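# Coordinate inspection notes
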Amino acid sequence: MISTRLLASLLAVPVASVALGGCYYGFDSSSSGRAATPPSSVSTPSTTWTAQTAQYAGDMGSVRGFGSVPGVVQGTDGGSTSVVRIDAEDTSARWWAMTRLTVEGTLSHPLLVPGAHLVFTPSGGAMTSAGVVPLFVHAIGCSGPRRDDYTFDQPASQITVDVDAGPDATSRTITFMATFAPAGGTPQHVTGSFVYSAP
């Protein structure tokens, strides 16, 4: 099991990569024809960790009712932004789903305390508090027949974040619900949760 001390320094990604948006960033060009890294160089060092999520389920594009396969969470830290990517794949059933959360202000933000319930929309702006940097969370959802081969690629129209105490005194649990609203279609929802180290 990954220590919460290790998680503290590992959850986010350089802002330069976030600006690319969509399912482009971080995909393996050998499997999908898309670049494995952004075209610009990134000088901020980061480390990636991997663990199972506590929960990851929902509907995304043509992938419906997923949740029977454990998700895997990866996090990186670029200093001012945290990024958490959750993947689930069933190769026999030929589906894959991924949600990437970008936390501007990082997972160590003072507003992300147990009991917090926050709702973010693209037009809603960042959460602010006196004396601290603004907090904003957005998400990208991708799905398709296999990992990194996506037929659905869309930003969430709303993301709800709830913070609870973690399994020990130095950790917290984030639970989120991302809503995707395809044009002319019925809104779809994805839920997930993960544990990270508290500041």
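This text goes with the structure placed above it.
These lines cover the structure that appears in this document, whether it is placed above or below. Computed from a predicted model, the values in this text were never measured in an experiment. Throughout this description, residue numbers start from 1 for each chain and increase along the sequence as written. Given that this is a predicted model, residues contribute local features only at a pLDDT of at least 70 and side-chain atom pairs are listed and counted only at 80 or more, while totals for whole chains, interfaces and linings are drawn from all residues. The side-chain numbers reported here are obtained from all heavy atoms of the structure, hydrogens and water having been left aside.

All right, on to the nonpolar core then. The definition of a nonpolar core used throughout is a set of buried Ala, Val, Leu, Ile, Met, Phe, Trp, Tyr and Cys residues joined through side-chain atoms within 4.5 Å. Residue exposure (1.4 Å probe, protein chains only): buried if accessible area is under 20% of the type maximum, exposed if over 50%, otherwise partly exposed. In terms of nonpolar packing, the biggest core is built from 34 residues, with Leu112 and Phe194 touching the most fellow members. Counting residues in each nonpolar core, the second largest holds six residues, with Cys23, Met98, Ile140 and Tyr150 among its members.

For any pair of aromatic rings, the description rests on two quantities: the centre-to-centre distance and the angle between the ring planes. Here is the rule: rings of Phe, Tyr and Trp (six-membered ring for Trp) pair when centre to centre is within 6.5 Å. Planes less than 30 degrees apart are stacked, more than 60 are edge-to-face, and the remainder are tilted. The full count for this structure, using the stated rule, is five aromatic pairs. Here the aromatic rings of phenylalanine 66 and tryptophan 95 are separated by 5.7 Å at their centres, their planes lie at 40 degrees, and the arrangement is tilted. In this pair, phenylalanine 66 is assigned in strand β3 (residues 63–66) and tryptophan 95 in strand β6 (residues 95–104), connecting sequence segments 29 residues apart. The exposure class of tryptophan 95 is buried, given its relative accessible area of 12%. Aromatic side chains phenylalanine 194 and tyrosine 196 sit 6.4 Å apart centroid to centroid with 50 degrees between the ring planes, which places their arrangement in the tilted category. In terms of burial, phenylalanine 194 and tyrosine 196 fall into one category: buried. Through successive ring pairs, a cluster of aromatic residues spans Tyr56, Phe66 and Trp95. Numbered from the N terminus, helices here are DSSP runs of H or I no shorter than four residues, and strands are runs of E no shorter than two.

The next point concerns empty space enclosed by the protein. If a probe the size of a water molecule is rolled over the atoms, the empty space left behind becomes visible. Only protein atoms enter the 1 Å grid used here. Points where a 1.4 Å probe fits but cannot escape make up a cavity, open sets with protein on both sides within 12 Å along at least five of seven lines make up a pocket, and a residue lines them when an atom lies within 4 Å of a point. Grid points are joined across faces, edges and corners, and a volume is the space filled by probe spheres set on the points. Under the counting rule described, the total for this entry stands at one cavity of 30 Å³ or more. For the largest cavity, the calculated volume is near 60 Å³. Forming the walls of the largest cavity are Leu101, Val103, Leu107, Leu112, Val137, Val161, Ile174, Phe176 and Phe194. Going through the elements one at a time, β6 and β11 (171–180) are the ones with two or more residues in the lining of the largest cavity. Of the residues that constitute the lining of the largest cavity, the class distribution is nine nonpolar, no polar and no charged. Each residue gets one label: Ala, Val, Leu, Ile, Met, Phe, Trp, Tyr, Cys and Pro are nonpolar, Asp, Glu, Lys and Arg are charged, and the others, such as Gly, are polar.

Just geometry here; none of it tells us what the structure is for.
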